[in-house]
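# Structural description and commentary
The chain contents come next:
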Amino acid sequence: MARLPAQAGGGLLCALLACQLAGPLTQAAGSEPAWTTYHHDPLRSGEDPEAGERLVPALAWQSSNLGAPIWGQPLVLGGRVYAATVGDQIYALDAATGAVLWSRSVGAPVPSSALPCGDIFPTVGVVGTPVIDVSTQVIYAVADTWDPSRSEAHHLLVGLRLANGEQVLRTPVDPPGADPKALLQRTALNLDQGRVVFGFGGNDGDCAKYRGALVTVPEAGGASSQWQVPIAAPAETGGGIWAASGPAVDGEGHIYAATGNPNPPSGQKVSTYDYSDSVVKLDSSANLLGSFATPNWASESNSDRDLSSAGPEPLPGGLLFQAGKTGIGYLIDEAGMASGAHAVYSQQVCGGSGSFGGDAFAGGVIYIPCTSGVQALAYNQAARTFTPMWRGPGDSFGGPIVSAGLVWSIGGVKGEATKLYGLDPASGATRYTETLPSPVVDHFGSPSAGGGRVFVATGSSLAAYRVAQPLGTPPGGANPGAPAPGGT
């Protein structure tokens, strides 16, 4: 796989790990902040490469109420931050002040009461993290929309110009034969060779019939392509692609996504492999190229221990990292997936708990969101193994990112998380614990970063913390504050 090595999070950490992927913490002065998809880039690295000198974290602003909860990750480009709500509104805000620059409705959201089950309230609109195409200056999102005259739901891919929110794309994307009320588009969106990529799963509770699907749509408009999990009898439903991090895309345009377990009728069990509860590899037109299933696929599928609680993380050396509800971390050889890859290496991680959300990779270390606390794994590319390093606070369950030389994770109680942790990347020691101004509603919420700030979706608002002084900005300028050589 043609992947560029991730930049390191600091020379000391790489010295401790004897890693060979080291690089500078910062980019050249004047680089534009760009966090344009979930965890920064198509590979889902979760690393902010242009943070400057670290500052003592300070709340810079909290936006006004944006009308409905935000379940996706904020996106950053230049001096703006973008967010989408479950009320089917997309916002552009000033990254320095939080002032709303424009907002656009992309449809009438679906009343939560109109769905057979679920955990998103009071409406279901844009749930998955949008994606920005820097080359075309367009932000894309999937909106769950409601037709009250027919009591029908429909999923639409919409594209808006970054400058003013003008709509440039609006196309239906529900897979053929699917019941839109049974589907939840929770995954983050990605881009692949001029196409928008995302997954579909079911509503929380798996109460209606659906099949997981991977969809790609031309940015220029036109017919979408879908790959649906071919659920085998006795199951008729399941295989959801639902991890918040969404599909990852490597430098060759290959798409990687994790699927959920099948849902057989009560009292029955599955035994025929059907690409559910797996990692799948596809091309940009959603053609299946290969797969990976765990050695205990049948037993894990029959006990709701699916892989798709977290998304795959491409690594240098042509491997993927994947962990799910079992808390077992797998290294998968991408080249072997065409013939049904076996794990190159596996080990229990997360202290036996599950992994939910999206991983990060920086400086030769994999950071994974465990329900028992963020865990760091030292990746040995040559040996094709990993070694557990540390686990953070027990309630630091949010998808970790790396910015300004620290690992940042949401913590507290799921659905009402009120903490932002800044952890030392070498030891996991807590350097900072910030109390968020409002709780995070997304069960697997993850911050984003850019321009010396960390951004968090705090319920129906956004909050920004100053964490670094970007290179090229004068002291007391864009990010005033005192440098923090150590931490408190």
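In case you missed it, the structure is sitting above this.
Each chain has its residues counted from 1, following the order in which its sequence is written. For a predicted model such as this one, the threshold for reporting local features is a pLDDT of at least 70, and the threshold for listing and counting side-chain atom pairs is 80 or more; totals across whole chains, interfaces and linings nevertheless cover every residue. Excluded from the side-chain calculations are hydrogens and water; all other atoms, namely the structure's heavy atoms, are used.

### Considerations on the overall build of the chain
The following threshold applies: Runs of H or I in DSSP of at least four residues are treated as helices and runs of E of at least two as strands, each being numbered from the N terminus. Using a 1.4 Å probe on the protein chains alone, a residue whose accessible area is under 20% of its type maximum counts as buried, one over 50% counts as exposed, and one in between counts as partly exposed. Areas reported here follow the Shrake-Rupley algorithm with a probe of radius 1.4 Å; residue values treat only the protein chains shown as occluding. The convention is simple: Lys and Arg are positive, Asp and Glu are negative, and His and the chain ends are not counted. The atom standing in for a charge is NZ when the residue is Lys, CZ when it is Arg, CG when it is Asp and CD when it is Glu.
Helix and strand content of the chain: 2 helices and 36 strands. Each of the three principal axes of the chain carries a C-alpha extent, and together these read 65 × 55 × 40 Å. Evaluated residue by residue, the chain yields a buried proportion of 62% over its 488 residues. Carbon together with sulfur atoms contributes 52% to the accessible area of the chain, which is approximately 16000 Å² in total. Across the chain, the centroid of the 24 positively charged side chains sits 2 Å from that of the 38 negatively charged ones.

### Things to note about the pairing of strand β6 (residues 100–105)
Counted only if it meets this: Strand pairing follows a simple DSSP-based rule, namely that at least 2 bridges must link the two strands.
Here 5 bridges tie strand β5 (residues 89–94) to β6, and the two strands are oriented antiparallel to one another. Its bridge partner lying in β6, Gln89 is registered against Ser105. Following β5, the chain reverses through 5 residues before pairing antiparallel with β6; Gly98 in that reversal takes a positive phi of roughly 85°.

### A few points about empty space enclosed by the protein
To be explicit about the condition: Every definition here rests on a 1 Å grid over the protein atoms only: cavities are sets of points where a 1.4 Å probe fits but cannot get out, pockets are open sets enclosed by protein on both sides within 12 Å along at least five of seven lines, and lining residues have some atom within 4 Å of a point. Grid points are joined across faces, edges and corners, and a volume is the space filled by probe spheres set on the points. Residues were grouped as follows: Ala, Val, Leu, Ile, Met, Phe, Trp, Tyr, Cys and Pro as nonpolar; Asp, Glu, Lys and Arg as charged; and all remaining residues, including Gly, as polar.
All told, the structure shown has 3 cavities of 30 Å³ or more when counted by the stated rule. In this structure, the largest cavity encloses a volume near 120 Å³. Lining the largest cavity are 18 residues, with Trp71, Gly72, Gln73, Asp442 and Gly445 positioned closest to its centre. Its residues assigned to classes, the lining of the largest cavity comprises 10 nonpolar, 6 polar and 2 charged.

### As for the layout of surface pockets
Empty space within the second largest pocket amounts to approximately 360 Å³. Class assignment for the residues of the lining of the second largest pocket results in 5 nonpolar, 7 polar and 7 charged.

### Things to note about the sheet that holds strand β12 (residues 167–172)
Which entries qualify depends on this criterion: Lines fitted to C-alpha atoms define the axes, with helix axes restricted to the stretch in contact, and inter-axis angles between N-to-C directions lie between 0 and 180 degrees.
Judged by pairing direction, the sheet is antiparallel, and its 4 strands sit side by side in the order β9-β10-β11-β12 without closing on themselves. Strands at the two margins of the open sheet, each flanked by one partner only, are β9 (131–133) and β12. Averaged over all pairs of adjacent strands, the angle between their axes in this sheet comes to 30°, without regard to strand direction.

### Brief notes about the side chain of His39
For clarity, the cut-off: Two N or O atoms count as a polar contact when they lie within 3.5 Å, although within protein this holds only if one can serve as hydrogen donor and the other as acceptor, and sequence-adjacent residues are included solely when both atoms are side-chain atoms. By definition, residues are in contact when any of their heavy atoms lie within 4.5 Å.
Mapped onto the secondary structure, His39 falls in the loop between β1 (34–35) and β2 (53–62). Residue classification places His39 among the buried residues on the basis of a relative accessible area of 0%. A distance of 3.5 Å separates a polar atom in the side chain of His39 from the backbone oxygen of Pro400. A polar atom in the side chain of His39 sits 2.9 Å from the side chain of Ser446. Excluding residues within four positions of it along the chain, His39 makes contact with Arg44, Ser45, Gly46, Gln73, Gly358, Asp359, Ala360, Gly399, Pro400, Ile401 and Ser446.

### Considering the state of the cysteines
Basically, it comes down to this: Criterion for a disulfide: a pair of cysteine sulfur atoms within 2.5 Å.
Evaluation of the coordinates by the stated rule reveals 2 disulfides. The residue that forms a disulfide with Cys350 is Cys370, at a sulfur-sulfur distance of 2.0 Å. Note on the Cys350 and Cys370 pair: the S-S dihedral is about -70°, so by sign convention the disulfide is left-handed. Of the two residues, Cys350 is situated in the loop between β25 (343–348) and β26 (360–362) and Cys370 in the loop between β27 (365–368) and β28 (375–380); the sequence distance between them amounts to 20 residues. In this structure, Cys350 and Cys370 share a single accessibility class: buried.

### Examining the pairing of strand β4 (residues 80–84)
For β4, the buried fraction is high: 4 of the 5 residues fall into the buried class. Taking the residues that link successive antiparallel strands as the turn, the strand β3 (residues 75–77)-β4 hairpin has 2 residues, and the phi of Gly78 there is positive, at about 60°. Bridge count between β4 and β5: 5 bridges; the pairing is antiparallel. From the neighbouring strand, Tyr82 faces β5, where its bridge partner is Ala92.

### Looking at the nonpolar core
Rules: Residues grouped as a nonpolar core are buried Ala, Val, Leu, Ile, Met, Phe, Trp, Tyr and Cys residues, joined through side-chain atoms within 4.5 Å.
The biggest cluster of nonpolar side chains holds 50 residues, and the ones touching the most others in it are Tyr82, Ile90, Leu420 and Leu462. The biggest single contributor to this core is strand β36 (residues 461–469), with 6 residues. Setting aside residues no more than four positions away along its own chain, Tyr82 makes contact with Pro74, Leu75, Leu77, Tyr91, Ala92, Trp102, Ile132, Ile139 and Leu162. In terms of nonpolar packing, the next biggest core, distinct from the first, is built from 18 residues, Val131, Leu157, Leu183 and Val215 among them.

### Some details on unusual backbone geometry
A cis amide bond, omega -5°, links Phe121 with the succeeding residue Pro122. One non-glycine residue, Gln137, lies in positive phi territory at about 60°. Turning to its location among the elements, Gln137 is positioned in the loop between β9 and β10 (138–147). For Gln137, a relative accessible area of 38% translates into the label partly exposed. Positive phi outside glycine occurs at Cys350, with the angle close to 60°.

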